[in-house]
Amino acid sequence: MTALVDSLTLWRRNTLKTIRVPTVLFFALFQPLLFLFLFSQVFGSLANLPGFQYDSYLQFLVPSIVALTALNSAFSSGMSTVTDMEDGLMDKFLIAPIHRLSIMAGRIFADGSRIMVQALLIIGISLLMGTTYATGVLGIVVIILLAALFGMAWAGLSNIIALRTGNAEATMIVGITITFPILFLSTAFMPAFLLPAWLENVAKLNPITYLVEAIRSLVNDGWIWSDVMQALLVILLLGAIMLTGAVRAFRKAVS
Amino acid sequence: MPLVEVHDLVKVYGKDVRAVDGVSFEVNAGEVFGFLGPNGAGKTTTIRVLVTRLEPTGGTAFVDGIDVTSDPNEVRRRIGYAAQFIGVDDDLTGGETLVLQGRLHGMSTKAAVAQADLLLEVIDLTDAAGRRAGTYSGGMRRRLDLAQALVHKPRLLFLDEPTTGLDPQNRRALWEYLRSLNEDGVTIFLTTQYLEEADALVHRLAIIDHGLIVAEGTPGELKAGIGGDAITVTLHADASLQEIADVEAVLRGLDAAHDVRAFDHSVAVYVTDGGSRIASVVRALDEAGVNPARLELSEPTLDEVFLQHTGERLRVEEVKQQRRTAMGRRRRS
């Protein structure tokens, strides 16, 4: 119980920092927005291909942009952790009589709530661009929750890298390096039927594919629970692995 | 019962860096206890074991009767700790910083806010309380950092080089404040590399060098221990080792000499009632044909104590905290 209170205290502190220095908030949005505008123009004609099952490339692209936002934002998580260490602030948390895990939990919770705000912003912009959501407001809520949960799991990976390297720059570089193959080895920007067979198989092993496809079905097809459940399952599995790894890396880094 | 009991504490980094090499001491309730030593002597390592941030390699450490390794959270509840490097969040205000620490120590928001306001008043930050700490001066940051260790009203305070990097005026003000805390019943364990600080502030001190305590006692006892006043003969800067050895031999030959120590190009002889011995020292040097550059008579100081026990003068080195950038922002160090 007190561990939860401490987690929320630290969540509040982390969120306050994000609001005070909104660089991270907008830095993570810049690339997704750029992709949203560029790709919807450059690849717009893909929608004319026979076999393309969505009303427009934009309808197809927006879910990927939401996922990309979660991915990008999650990668700043580890950088914040390292920055707290370098600034001597982690030390202040570690000498407080709190459960060590609430420090990680406060960080991951803050990542989740930040991603919710960012996903909402992206969805708002997509609405202005003419995207329609088949599942309406409730669907948008589920999309935002899925993106946030995926981001929280992914933040675990960011923290693993950050805590093992102890270096904010390295964390950022590894993050950027991983993000691109993860995205392009999925169905994020190309429909599966246009991918070469080997890539289609790789995409099936890529967790981001499941997030993108679940959001896509909520945006375009209505409530298809099997898609949502599949994505949730993948997120749970990913979260279990990444967050366990992050907690272990954390314990090692602070002992 | 002592508030802090340390027995045969050992901390080895890596394979064979023995940062603390078997240290034993006690800190009694109500006193200001100091660790005096140069950089790398093992001061910070010892303090970080006591505040539960480091696992010792060997030995035992109890704080308020609690083993620091077996029940760290119980120890954390009872102590305040200000590290050598300031840990102040640039993005939060002074007030928010203190309330956060209070909350993390289990205080209600109301109690934390009340205590934060009180402390801000004491450390003279009330006017700046609503401003982000990133706008504070060095002295203000140091005060806020110290206040973070005090929000939950600990009875035992660990301060790692609390005045390093402060100008003399701020240093004196901080001494004054620490004294008043101590008078209110707070036991203080501090480390320092400043002799004046040890002299001005501590009731009892241990001199630590190369991971070992080489002397322990009140400043008065330690000074008395070196056996009187020091008469220091300083030779010219280009004096040879042989010349220094000659002077050492001459001074050792004096009947009144308790001890003789050479360092750099000086030789000190410790004698009782130094004033009356100057003449005999001069006479002996003259007879030996030594022509000193300077002759000094000094009452015993902690400087002499340090020299006597370690064979070196205490050199103050300030380790600068590395400047860092994060997300393109240059952060204050």
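Residues numbered from 1 in each chain as written. Chains lettered and ligands numbered in written order. Predicted model: local features only at pLDDT ≥ 70, side-chain atom pairs only at ≥ 80, totals over all residues.

Notes on the overall build of chain A
Within chain A, the regular secondary structure consists of 10 helices and 0 strands. Along chain A, from the amino end to the carboxyl end, the secondary structure elements read α-α-α-α-α-α-α-α-α-α. For 255 residues, the compact-globule formula gives about 18 Å, and the C-alpha radius of gyration of chain A, at 18 Å, lands near that figure. Across its three principal axes, chain A shows a C-alpha extent of roughly 60 × 35 × 30 Å. A total of 255 residues make up chain A; the buried ones form 47% of that total. Considering only contacts within chain A whose residues lie at least 6 apart along the sequence, 81% involve residues at least 24 apart. (Helix = DSSP H or I, 4+ residues; strand = E, 2+ residues; numbered from the N terminus. Rg over C-alpha atoms; globule rule 2.2 N^0.38 Å. Buried ≥ 20, exposed ≤ 12 C-beta atoms within 10 Å, placed from the backbone. Contact = placed C-beta atoms within 7 Å.)

A closer look at the pairing of strand 13 (residues 266-271) of chain B
All names here are of chain B. In terms of burial, strand 13 is a largely internal element, 6 of the 6 residues being buried. When strand 11 (residues 229-234) meets strand 13, the two strands line up antiparallel, connected through 6 bridges. By the bridge assignment for strand 13, Thr-232 is matched with Ala-268. Where strand 12 (residues 259-263) and strand 13 come together, 5 bridges link them in antiparallel fashion. Paired with Ala-262 across the two strands is Val-267, which belongs to strand 13. (Pairing = 2+ DSSP bridges.)

Considering the confidence of the model for chain A
Per-chain confidence: chain A averages 93 in pLDDT, with 100% of residues scoring 70 or above. The spread of mean pLDDT over the elements of chain A runs between helix 2 (residues 23-42) of chain A, the lowest at 86, and helix 6 (residues 136-165) of chain A, the highest at 97. (pLDDT = per-residue confidence, 0-100.)

Describing the sheet that holds strand 13 of chain B
Residues and elements named next belong to chain B. Taking strand neighbours across the sheet as the criterion, the 4 strands line up as 12-13-11-14 in an open arrangement whose pairing is antiparallel. Both edges of this open sheet fall to strand 12 and strand 14 (294-298), since each of them pairs with a single strand only. Put simply, the sheet's adjacent strands are angled 20° from each other on average, direction ignored. Judged from the 5 bridges that link them, strand 11 and strand 14 form a sheet pairing that is antiparallel. The partner of Thr-232 across the bridge, within strand 14, is Glu-296. (Axes fitted to C-alpha atoms, helices over the stretch in contact; angles between N-to-C directions.)

A look at the interface of chain A and chain B
Accessible area lost upon the coming together of the parts is a frequently used measure of interface size. If you look at the interface, chain A gives 24 residues, while chain B gives 25 residues. Counting only elements with at least two residues in the side of chain A that touches chain B, the list comes to helix 1 (2-20), helix 2, helix 3 (57-86) and helix 4 (89-94) of chain A. The element best represented in the side of chain A that touches chain B is helix 1 of chain A, accounting for 6 residues. Class assignment for the residues of the side of chain A that touches chain B results in 11 nonpolar, 5 polar and 8 charged. (Nonpolar A, V, L, I, M, F, W, Y, C, P; charged D, E, K, R; others polar.)

Structural notes on the sheet that holds strand 4 (residues 58-63) of chain B
All names here are of chain B. Ordered by their spatial adjacency, 4 strands build an open sheet running 2-1-4-5, and the pairing between neighbours is antiparallel. The open sheet is flanked by strand 2 (17-27) and strand 5 (66-67), the only strands paired with a single partner. Of the pairings in the sheet, the one linking strand 4 to strand 5 comprises 2 bridges and is antiparallel in character. Pairing of Phe-62 across the sheet is with Asp-67, part of strand 5.

Some details on the environment of Ile19(A)
Residues and elements named next belong to chain A. Here Ile-19 is to be found in helix 1. Judged by the 11 C-beta atoms lying within 10 Å of it, Ile-19 is exposed. With 95 residues separating them in the primary sequence, Ile-19 and Arg-114 have C-alpha atoms 9.6 Å apart.

Let's talk about the confidence of the model for chain B
As a note on interpretation, predicted positions should not be read in detail where pLDDT is low. Residue and element names in this part refer to chain B. Of all residues in chain B, 95% attain a pLDDT of 70 or more, and the chain-wide mean is 88. The least confident element of chain B, judged by mean pLDDT, is strand 16 (residues 329-330) at 42; the most confident is helix 3 (residues 94-104) at 97. Prediction confidence for the complex, expressed as pTM and ipTM, is 0.86 and 0.90 respectively.

Overview of unusual backbone geometry
One non-glycine residue, Asp64(B), lies in positive phi territory at about 55°. For Asp64(B), the location among the structural elements is in the loop between strand 4 and strand 5.

Digging into the nonpolar core
One finds Val66(A), Ala67(A) and Ala147(A) to be the most contacted residues of the largest nonpolar core, which totals 158 residues. When residues of this core are assigned to their parent elements, the largest contribution, 16 residues, is made by helix 6 of chain A. When residues of this core are assigned to domains, at least three map to each of domain 1 (4-222) and domain 2 (227-299) of chain B. (Core = buried A, V, L, I, M, F, W, Y, C linked by C-beta atoms within 7 Å. Domains from an automatic or database assignment.)

A look at the packing of helix 1 of chain A against helix 5 (residues 100-128) of chain A
Residues and elements named next belong to chain A. Between helix 1 and helix 5, the least distance of the axes is 7 Å, while the angle of their chain directions is 50°. As far as their axial angle goes, helix 5 and helix 1 are oblique. In this structure, helix 1 meets helix 5 at a crossing whose hand is right-handed. Taken together, the residues of helix 5 that come into contact with helix 1 (itself represented by Ala-3, Asp-6, Ser-7, Leu-10, Trp-11, Asn-14, Thr-15 and Thr-18) are Leu-101, Ser-102, Ile-103, Ala-105, Gly-106, Arg-107, Phe-109, Ala-110, Ser-113 and Arg-114. (Parallel < 35°, antiparallel > 145°, perpendicular 65-115°, else oblique. Left-handed = near helix turned anticlockwise from the far one by under 90°.)

Here we look at helix 5 of chain A
Over its 29 residues, helix 5 of chain A runs 44 Å from end to end, which matches the ideal 42 Å to within 8%, given 1.5 Å per residue. One or two residues past the end of helix 5 of chain A sits Gly130(A), with phi positive at roughly 105°. (Expected span 1.5 Å × (residues − 1).)

Thoughts on the environment of Ile108(A)
Residue and element names in this part refer to chain A. Looking at the element boundaries, Ile-108 is found in helix 5. The exposure class of Ile-108 is buried, given the 24 C-beta atoms found within 10 Å. On a C-alpha basis, the gap between Ile-108 and Thr-2 in space is 17 Å, while along the polypeptide they are 106 residues apart. Apart from residues no more than four positions distant in its own chain, Ile-108 is found in contact with Met-152 and Ala-155.

Observations regarding the pairing of strand 1 (residues 4-13) of chain B
Residue and element names in this part refer to chain B. With 5 bridges joining them, strand 1 and strand 4 adopt antiparallel strand pairing. Bridging across to strand 4, Glu-5 finds its partner in Phe-62. Where strand 1 folds back onto strand 2 in an antiparallel hairpin, the turn is made up of 3 residues, including Gly-14, whose phi is positive at roughly 60°.

Some words on the environment of Ile123(A)
All names here are of chain A. Summarising the element assignment, Ile-123 is placed in helix 5. The buried category is assigned to Ile-123, around which 22 C-beta atoms lie within 10 Å. If sequence neighbours within four positions are ignored, Ile-123 has contacts with Val-66 and Ile-140.

Overview of the packing of helix 3 of chain A against helix 9 (residues 207-220) of chain A
Residue and element names in this part refer to chain A. Closest axis-to-axis distance for the helix 3/helix 9 pair is 9 Å, and the angle between their directions is 135°. As summarised for this structure, helix 3 and helix 9 are arranged oblique, according to the angle between their axes. In terms of crossing hand, the pair formed by helix 3 and helix 9 is right-handed. For the pair helix 3 and helix 9, the contacting residues are Gln-59, Val-62, Pro-63, Ser-64, Val-66, Ala-67 and Leu-71 in the first and Ile-208, Leu-211, Val-212, Ile-215, Arg-216, Val-219 and Asn-220 in the second. Across the contact of helix 3 with helix 9, the residue classes break down as 10 nonpolar, 3 polar and 1 charged.

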